[in-house]
Every structure is written in structure tokens, then in C-alpha cells.
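Inside the fold
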Amino acid sequence: MSADAPAGYDPHAFAPFAVTVDLAVFTVRDSRLHVLLVERGAEPYKGHWALPGGFVLPRESAETAARRELAEETGLTEGTVSAFHLEQLRTYSDPDRDPRMRVVSVAYAALVPDLPEPRGGGDAASAQWWDAQTPGPLAFDHDRILADAHDRIGAKLEYSCLATAFCPPEFTLGELQQVYETVWGVELDRPNFRRKVLTTPGFVQAVEGSPRRTGGRGKPAALYRAGAATALHPPLLRPEGRST
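Residues numbered from 1 in each chain as written. Predicted model: local features only at pLDDT ≥ 70, side-chain atom pairs only at ≥ 80, totals over all residues. Heavy atoms only, no water.

Re the overall build of the protein
- When helices and strands are tallied, the protein shows five helices and nine strands.
- Secondary structure elements of the protein occur, N-terminal to C-terminal, as β-β-β-β-α-α-β-β-β-α-α-α-β-β.
- On the principal axes, the C-alpha backbone points of the protein span a range of 70 × 45 × 40 Å.
- With 244 residues in all, the protein has 43% of them scored as buried.
- Counting only contacts in the protein whose residues sit at least 6 apart along the sequence, the fraction spanning at least 24 positions is 67%.
- Within the structure as shown, the protein displays about 13,100 Å² of accessible surface, and the carbon and sulfur contribution to it stands at 51%. (Helix = DSSP H or I, 4+ residues; strand = E, 2+ residues; numbered from the N terminus. Buried < 20%, exposed > 50% of the residue type's maximum accessible area, 1.4 Å probe, protein only. Contact = heavy atoms within 4.5 Å. Areas by Shrake-Rupley, 256 points an atom, 1.4 Å probe, with all protein chains shown as cover.)

A closer look at the packing of helix 4 (residues 173-184) against helix 5 (residues 190-199)
- Running from N to C, helix 4 and helix 5 cross one another at 105°; their axes reach a closest spacing of 11 Å. One way to sum up the angle between helix 4 and helix 5 is to call them roughly perpendicular. Contacts between helix 4 and helix 5 pair Leu173, Leu176, Gln177 and Tyr180 from the former with Arg190, Phe193, Arg194, Val197 and Leu198 from the latter.
- Per-class residue counts for the contact of helix 4 with helix 5 are six nonpolar, one polar and two charged. (Axes fitted to C-alpha atoms, helices over the stretch in contact; angles between N-to-C directions. Parallel < 35°, antiparallel > 145°, perpendicular 65-115°, else oblique. Nonpolar A, V, L, I, M, F, W, Y, C, P; charged D, E, K, R; others polar.)

Some points on the nonpolar core
- Core analysis: the largest hydrophobic core is formed by 41 residues, its most contacted members being Phe26, Phe166, Leu176, Tyr180 and Phe203.
- For this core, the secondary structure elements donating two or more residues are strand 1 (18-29), strand 2 (32-40), strand 5 (85-92), strand 6 (103-111), helix 3 (142-159), helix 4 and helix 5.
- The element contributing the most residues to this core is helix 4, with six residues.
- Membership of the second largest hydrophobic core comes to 18 residues, among which are Val21, Val81, Phe84 and Trp129. (Core = buried A, V, L, I, M, F, W, Y, C linked by side-chain atoms within 4.5 Å.)

So, unusual backbone geometry
- The omega torsion of the bond from Glu43 to Pro44 falls at -5°, within 30 degrees of zero and hence cis.
- By the element assignment, Pro44 lies in the loop between strand 2 and strand 3 (49-50).
- Cis geometry is found at the peptide bond from His233 to Pro234, where omega equals 0°.
- Its location among the elements puts Pro234 in the segment after strand 9 (224-226).
- Phi at Ser31 is positive, roughly 60°, even though this residue is not glycine.
- Within the secondary structure layout, Ser31 lies in the loop between strand 1 and strand 2.
- Positive phi is not limited to glycine here, since Tyr45 has a value of about 65°.
- Considering the arrangement of structural elements, one finds Tyr45 in the loop between strand 2 and strand 3.

What about the environment of Gly8?
- By the secondary structure assignment, Gly8 is in the segment before strand 1.
- The spacing of Gly8 and Arg119 is 111 residues in sequence and 50 Å in space, taken between C-alpha atoms.

Quick look at helix 1 (residues 62-74)
- Relative to the 18 Å expected for 13 residues at 1.5 Å per residue, helix 1 spans 18 Å between its end C-alpha atoms, a close match to the ideal helical length.
- Of all the residues in helix 1, the buried ones are Ala65, Ala66, Arg67, Glu69, Leu70, Ala71, Glu73 and Thr74.
- Two residues or fewer past helix 1, Gly75 is found with a positive phi of approximately 80°. (Expected span 1.5 Å × (residues − 1).)

A closer look at helix 3
- When the terminal C-alpha atoms of helix 3 are compared, their 26 Å separation across 18 residues agrees well with the 26 Å that a helix rising 1.5 Å per residue should span.
- Looking at the buried residues of helix 3, the elements they touch are strand 1, strand 2, strand 3, strand 5, strand 6 and helix 4.

Considerations on the packing of aromatic side chains
- Under the criterion given, the structure shown has five aromatic pairs.
- Judged by centre distance (5.0 Å) and plane angle (70°), the ring pair of Tyr180 and Trp184 falls under edge-to-face. In this pair, Tyr180 and Trp184 both sit in helix 4, four residues apart, roughly one turn of the helix.
- On the accessibility criterion, Trp184 (9% relative accessible area) is buried.
- Taken together, Tyr180, Trp184 and Phe193 form an aromatic cluster joined through their ring pairs.
- Stacked on the ring of Tyr92, the Lys or Arg Arg90 has its end atom at 4.7 Å from the ring centre. (Phe/Tyr/Trp six-rings, centres within 6.5 Å; stacked < 30°, edge-to-face > 60°. Lys NZ or Arg CZ within 6 Å of the ring centre and 35° of its normal.)

Structure (C-alpha cells):
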């Protein structure tokens, strides 16, 4: 027994297990929701596509490991990864989820604006953005993690300002609406959406004196940035039965 262990406690009485992190990283590309996947370069599941992730090192937290693994496996810079908003999803602990040993995974969802094409690194042979609706089957239990992450971000868009994490620092209300439509898979009424956004305190803030962005033949659109609020009061609920 370790000299630092409390009296009456024997750590060797418990079977050891490893802790990993897995990340479901979403973005909107070409009006479609995409997820970042890596091709596994080693067994198990060599050659299969999976969520980025890996083992937590002895002296790091799960979130630190998640950012490190994401940078290593995709070639994204540490500065880029450190700016991501990571949403802890849940813990996955089924005894047989990993054929190597008992592995418990802490999963995260990350929501980012469009990024350059990633490249493989570390244990990943390659990295690529995939349409979130057609990625599978994935290695391990990553199909389940991806589905859970998609459900979580869809729900959080109703009650939080998380949608602005998909947008560039300055965006139009049309771009913000596209995020909701893409994640929810529904078509929203433009005037109603605009009214709800602009009357929700702290949701967005107008960019004063900024050039206005034009799109097609429509009139110039004002630019906004994320406001100070973190929660939406009242919530922006998704419409039922109105699919795109």
C-alpha cells in the first residue's frame, strides 16, 4: 500500500483502467453540418474513421488532453484549438467498448466556424470534414457519441447563445439563421427569426460603423457579433414538423 494512501484503503483492490477523451467537432460548411473525423493509423480499427481523441496522460486534465489530442491528430495549431468552445458531453464506460482494455472515455462537443482542411498527425493517418448525417460506421462506440453530441447541441441552441460559436466574429442574421436551420434540420421563418433574435437581450450586438455585407441581389445586411448573454430568455424553440 502506498504511504500516501488513507488507512484501510488498498488501491490494488480495484482493477486498473485507462481514461480517454473523444471529440465531436462540428462546423457548418456549404449549408450542411459537418463533423471532423480522423482515419485510424493503428489497431484496433486501423483504417476506420473515428472521432479525434486519445489517452489522458497521468498529469493532465481531461480537457487539456482533449485539446492536445485534437491538435496532434488534425494538424490544427494549438492556438486555434485553445480558442474552441468545448462542451463536456458525458462519460462512456461500457466494459467492452474498447477491445484493448477497460477504457472510460470523457466525450466533448466542439462548435467552430469553418476551418481550413485538417491533416492527419499522431495516431491519425488522415483527418477530414464529413457530412454529419452520413459518416458511419465509425470505430469503437463513436456512432453513439456522435449521435449524442448532435442531440446535445441541437437542444442547447434553444436555451443558450451557442449558435454564435458556429459563426465568424462578425456575422449577418442570415448566417446565424443558417446555423439553426442546419443543426435542427428545419426551415425557419426569416422575419420571425430576426424578431426573436433582436428582441432577446444580449443575444447579438450590432457592429457600429462596420461595412455592410451584400449577398446576391438583396439589400446590404447589417453585421453583428455575439452579445454578452450566455442564456436565452425566452428560449428560441425549434418549430415542430417543418423540415427542410
